Amino acid sequence: MKNDGEPALITLEHGSGGALSSELVEKHIYPRFSNPAYPELTDATRFDISGELCMTTDSYTVDPIRFPGSDIGRLAIFGTCNDLAVAGARPKYLSVGLILEEGFPLADLDAVLDSMRRAAGEAQVSVVTGDTKVVPKGKGGGIYINTAGIGEHVAGSKLAPGAIRPGDSIIVSGPVGAHGIAVMAAREGLSVGSDIQSDCAFLFPACHALMALGAELRFMRDATRGGVAAVVGEAASAAGVGVELTEESFPIDGAVRTVAEILGLYPLEIANEGVFIAVVSEAETERALEILHGTREAAQAALVGTVTSEHPGTVVLETEIGGRRILDLPRGLLLPRIC
Amino acid sequence: MERPEQAFRSRELASRASTEIRRIAGRLSDTVRIMEVCGTHTVAIRRTGVRSLLPESIRLISGPGCPVCVTPSGFISNALHLIEDHAATIATFGDMVKVPDPEGRSLAEYLGTGKVQIVYSPQEVLQLARKIDGPLVFLGIGFETTIPTVASAFLRTREEGLRNLYLAAAFKTVPPALRALVSDPDCAIDAFLLPGHVSVVLGLEPYRFLAEEFHIPGVVGGFEPLDILLAILKIVRQLASGKAEIENAYPRAVRDGGNPVARRAIEELLEPESSLWRGLGRLEGSGLAIRPEMEELDAAKAFNLPELIDYDPPGCLCAKVIQGKALPPQCPLFGRRCTPDSPVGPCMVSSEGTCAAHLKYGDGAA
Amino acid sequence: MCLAVPLEITEVFENRTARVTSNGVDLEIDVSMIPDPAPGDFVIVHAGFAIEKLDSDAANETLDLFEELGSVDGET
C-alpha cells in the first residue's frame, strides 16, 4: 500500500496534522480498518449499542515489537478485548491511538497495522476511531499503541472479587509461562528460549462459554504481567480470602518448563497473553472444566486451587514435593539469572 | 523420557526423608543451626517447600553465597561510568541489572538502549563483541561455578582476534569466606550445607579444614528437593553422633577431586587477590584478578576504574545477616524502608539474598 | 549462585561445543570442560557451559538411600 515517492520513515510531519498526516491516515491506516461501523473518516464515529456497557483501555509498549508467536499489533487488539471478555463483556468497538517515533519505518507500521486488522477480524471487533502522533527520535520506543475498547456486558452477573467465597474453585484456562519468555528471549537475543512462542490469543469465546454458569461464575482475570501468581494474589487480597493452590496441577508446556529452569524463572510468575483465571463455585467446578475443555483457547483448562477462609489475603502453594510455601506477588522486571 | 531430575522431586521420598530428619533432630537437645552457603540453596529450599518439611528446631541461616549481595555496589557505579564516560557497552548476567549503586542508580536505566546487553552465557559475549563498535565490558561476578565459564570464554579472545572485549573482574571464592565465618569467635554455625555446583568445580578438599580444624560438619548438597533433604539428613546424623566430616550428598555431579579442567581455565586467566565482601569486609585471597600476562582484557586497567569501596547504609544490618548473626526481621529497615522494589542493603538486592527470600517466602512455616 | 540444569547431549561438534536437548528445547553449549563428551551423556549445564557429566550410577545410589529409609507409616 506504500506509494512511490513516499518517505520510507516516519517523520515529525506525519504527526503534525498537515498533508503528510492525512496521507498516513488515508493511505495506511483507514483503509485497513474501514468497515460498516466505520464507513468514513471522521473525527468521531457514531455507533449504536444498547444495554449495559463495559469500557477498558490499555497501552502497549512491548519491546521488541515482533517476537515469536505474536507482535505488538496483535497484542494491542487481543489484550484490550480480553480485558473486556474477563469482565463479562462481548468486545465490539475499539479505538486505536498510535504514538510513533520519528524514524520508525513505514513498512514496519504497515506490518503492525496488518496484524491489527487480522486480529480485529478474528475477534470480530471493529476499530472505529483512532489518532496518530509522532514524537521526536529518542522519545519513544518505535511504536506505542493505546487501544480503548467498548463491549456489551453479557454475563449473567457482576463478575468481581467481591463475589468470591470460601470453597470456590480456582481454574486456570491453559498452560502458563510462555509469553514472558518469548518476549524476553527475543529482546535480549538469548541463546536459550528463542523457540518459545507467545501464547497470545483471543479469549472471549472461552470466557463467554463460562458465563453460562451465571452467578456460579464469580470472577475472571487474564494473567498478564506477573502471571497467575499476580492475578490470584490480587484477587485474594481484594476479596479478603485465602487461596490454596496446588503447584502440580498447573499445566505447563515441557519446553517452557525447561527454559524457565535454565533461566531461573518461575512459570507461575511469568506473563501470559492467552491465559485467564476463573473462580467458580465448588458445585459447578466439573461443569466449568467441561465447558472450557470444549473451547479452543481453554482446551487444557485445569483446577488448580481452592478459596479458603484461612489466611485471608495470602496465597499458599502446595509444592510438588508436598511442602507448603507462600506464593507472593511477583515484583519487578523479568530477568534471566545465573544464581 | 523423564528428565533425570524428576526422580529427585518425589513426594513420597521427600516425606520419608523429612520423617527421618525429624526423628533424629528430635533427639538433639539444641536448635540446629545450619548455614546454607549458596543463594541458590536459599531460594530452592523455600521455593520448593523443603523449608516447611523441616522441624522448627532446624534453623537455616542464609550465608554469603550470593554474588550480587556481596559485590560492593561501587561496581555498578563503575559500570555506569563506563557507559557514560567511555562509550562502552556493558554485557552482564541478568542478576546485576537491578542492583542499585550507592546513589540508587542501576543498569536498568539503560535497558532498551543497546548499552546494556543481558546474556545467559559468556559465549554470547564473544558474539556480541564482533557486532559492537567500541568497547564491550563484561561484568564478571560469580563464584567458582561461574568463573570457569567466563574464563573459558575470555581465554578465546586472542584466538578470535577480538580487541574490544574487556572483563571487569569482581569474582569471589567460597572457601576463604567459610574460613572467615568459622574463625569469628561469635560464630554459632553448627554445620554447613555446602554449595553443590561450586563443589562440582572445587571438589571436597577445600572444605576439609572446617571439619579438621574447627570440628564443624559440612555436606555438599545438590539443588533438587531430595538433594537438599539428603544433605540435611546427613548433617543431623553427623551432629547426633558428634562427628564432623565433609560428606558428598551430590555424587552424581560432584567428584571428590572436582573438575580440574575447569580449575585450569580459572588459573590460566586469573590469580587470587584480596577482595572486599559486603558484610564480611576484606578477605585475603578471596577474589580473582586477571593475570598480568592477560592484562589487555582487564577493564579496571584499561579504563582506570576506581577501586571498589564498601558502602554501609546507616541502619542496615546486612553485615550481621550475611554472617548469620541476625535474622532479617531484626533489621529496623526490613520491609519498611528496605524492600525488593527499593532495596537499601545487599541482602535485599538479589532475589536470593537472605532478606529478599525471607520477605518473599516468609520464614518457612505456612 | 549456581543455577544449573542436567541436559542430554544429542550431537558433539568439532569446536568444543555440543547440542543438548530436553523437552523439545535445544541449545548449543560449550563442552570444553568435559573429557570425552558423547551423544547420550547427560551434563550439568551452567551459563551455557557443561561443567560436569552426570553419573547415573551415582544418581541411582543416591535414590537408593531414600528407599532404605522405609515408608512413612500408613502410606506406601
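Definitions and cut-offs
Residues numbered from 1 in each chain as written. Chains lettered and ligands numbered in written order. Predicted model: local features only at pLDDT ≥ 70, side-chain atom pairs only at ≥ 80, totals over all residues. Contact = placed C-beta atoms within 7 Å. Helix = DSSP H or I, 4+ residues; strand = E, 2+ residues; numbered from the N terminus. Nonpolar A, V, L, I, M, F, W, Y, C, P; charged D, E, K, R; others polar. Domains from an automatic or database assignment. Buried ≥ 20, exposed ≤ 12 C-beta atoms within 10 Å, placed from the backbone. pLDDT = per-residue confidence, 0-100. Core = buried A, V, L, I, M, F, W, Y, C linked by C-beta atoms within 7 Å. Pairing = 2+ DSSP bridges. Axes fitted to C-alpha atoms, helices over the stretch in contact; angles between N-to-C directions.

1. A look at the interface of chain C and chain B
Counting residues at the interface gives 31 residues for chain C, matched by 41 residues for chain B. With seven residues, the top contributor of residues to the side of chain C that touches chain B is helix H1 (residues 56-67) of chain C.

2. So, the interface of chain A and chain B
Tallying the contact residues gives 26 residues for chain A and 40 residues for chain B. A breakdown of the residues in the side of chain A that touches chain B according to their chemical character gives 12 nonpolar, six polar and eight charged.

3. A look at the environment of Asp63 of chain A
As for its placement among the helices and strands, Asp63 of chain A is situated in the loop between strand S1 (53-60) and strand S2 (66-67). Spatially, the C-alpha atom of Asp63 of chain A lies 9.4 Å from that of Ile143 of chain A, the residues being 80 residues apart in sequence. Apart from the residues within four sequence positions on either side, Asp63 of chain A is in contact with Gly141 and Arg187 of chain A together with Gly112 of chain B.

4. Quick word on the domain arrangement of chain A
Residue and element names in this part refer to chain A. Annotation of chain A at the domain level lists domain 1 (12-153) and domain 2 (161-326). The distance between the C-alpha centroids of domain 1 and domain 2 comes to 28 Å. Elements supplying a minimum of two residues to the side of domain 1 that touches domain 2: helix H2 (72-86), strand S4 (89-101) and helix H3 (106-123). Examining the composition of the side of domain 1 that touches domain 2, we find that nine residues originate from one element, H2, more than from any other.

5. Thoughts on the domain arrangement of chain B
Residues and elements named next belong to chain B. When the domains of chain B are assigned, the result is domain 1 (1-314) and domain 2 (315-361). Measuring from the centre of the C-alpha atoms in domain 1 to the corresponding centre in domain 2 gives 18 Å. Residue-level contacts link 28 residues of domain 1 with 21 residues of domain 2. Counting residues per element, the ones that place at least two in the side of domain 1 that touches domain 2 are helix H2 (39-47), strand S2 (58-65) and helix H3 (67-70). Element by element, the count of residues in the side of domain 1 that touches domain 2 is highest for H2, at six residues. Residue composition of the side of domain 1 that touches domain 2, grouped by class: 15 nonpolar, six polar and seven charged.

6. Looking at unusual backbone geometry
Omega for the bond connecting Asp63 of chain A with Pro64 of chain A falls within 30 degrees of zero, at 5°, which places this linkage in the cis form. You can see Pro64 of chain A is positioned in the loop between S1 and S2. Phi is positive for Gln124 of chain A, close to 55°, though the residue is something other than glycine. Tracing the backbone shows Gln124 of chain A in the loop between H3 and strand S5 (126-135). Looking at Gln124 of chain A, the number of C-beta atoms within 10 Å reads 12, which means it is exposed. Within the chain, Ala87 of chain B stands out as a residue other than glycine whose phi angle is a positive 50°. Since 11 C-beta atoms lie within 10 Å of it, Ala87 of chain B is described here as exposed.

7. Here's the deal with the confidence of the model for chain B
Mean pLDDT for chain B: 93, with 98% of residues reaching 70 or above. Interface confidence in the predicted complex, given as ipTM, is 0.94; pTM for the same model is 0.95.

8. Re the nonpolar core
Counting 266 residues, the largest nonpolar core has Ile181 and Val232 of chain A together with Ile232 of chain B as its most contacted members. Excluding anything up to four places from it in sequence, Ile181 of chain A contacts Gly193, Ile196, Val256, Val259, Ala260, Leu265 and Ile270 of chain A.

9. Observations concerning the sheet that holds strand S11 (residues 302-308) of chain A
Residue and element names in this part refer to chain A. Strand order in the open sheet formed by seven strands is S8-S10-S7-S11-S9-S12-S13, with mixed pairing between adjacent strands. Whereas interior strands pair on both sides, the edge strands pair on one side only; in this sheet they are strand S8 (217-222) and strand S13 (324-326). Each strand of the sheet is rotated relative to its neighbour by a mean of 25°, with strand direction disregarded.

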